[in-house]
Amino acid sequence: MDIEQIAEEFRKFRAEHFWEIPEGTSETTRRFHPPEDILDRLRERYTGDEVPRCRVLVDGQPCGAELSPQSMGGGNATKYAHSTPDGVRMGDWMEHYRDSQFIHAKPGDSEVVALLDLIDRIRKGS
Ligand SMILES: [Zn+2]
């Protein structure tokens, strides 16, 4: 298959998977629809939520430390928390640890996003 055929196949693929939002749909309603283009839909589906920094308030300010994975696998969402710093007793850290917990419900798939980035670069010819 040469480059022209690949481009044509790709154009057909996108056309076949295009979900048109009816004309006259308001912007407000439009926001709740999945994107029309399959590449945008895939990007939306596979882009994960970011793991936030620690949000526990320390002297009225968010702690801001990086959270680390505490449990993962078994088909469950990965749980993150601000783990016990060096030199701090576990017992003294329990409240901070518990309050910092974050369940990563939408981790996405960075490999799919990397592939979509590649497709975008090819499409844009750079
Ligand atoms: Zn913290």
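Numbering of residues begins from 1 in every chain and follows the order in which that chain's sequence is written. Residue-level local features of this predicted model are given only where pLDDT is at least 70; pairs of side-chain atoms are given and counted only at 80 or more, and the full residue set underlies all totals for whole chains, interfaces and linings.

### Considerations on the domain arrangement of the protein chain
On domain assignment, one finds that the protein chain holds domain 1 (1–48 + 109–126) and domain 2 (49–107). All the domain ranges listed were derived from an automatic or database domain assignment. Taking the mean C-alpha position of each, domain 1 and domain 2 sit 35 Å from one another.

### With respect to the sheet that holds strand β5 (residues 102–104)
When DSSP locates at least two bridges between a pair of strands, those strands are taken to pair. A helix here means a DSSP run of H or I that spans at least four residues, while a strand means a run of E at least two residues long, and both kinds are numbered starting from the N terminus. Strand order across the open sheet formed by three strands is β3-β4-β5, with antiparallel pairing between neighbours. The open sheet has two edge strands, β3 (68–73) and β5, and neither has a second partner. Across this sheet, the average inter-strand angle for adjacent strands is 25°, counted without regard to direction. Alignment of β3 against strand β4 (residues 76–81), held across four bridges, turns out to be antiparallel. Simply put, an axis is a line fit to the C-alpha atoms, just over the touching stretch for a helix, and the angle between two N-to-C directions goes from 0 to 180 degrees.

### Section: the environment of Q101
In this fold, Q101 is placed in the loop between α4 (90–100) and β5. Placed 62 residues apart in sequence, Q101 and L39 show a C-alpha to C-alpha distance of 33 Å. The contact criterion used here is simple: two residues whose C-beta atoms, placed from the backbone, lie within 7 Å are in contact. With residues near it in sequence (within four places) discarded, Q101 still touches K79 and A81.

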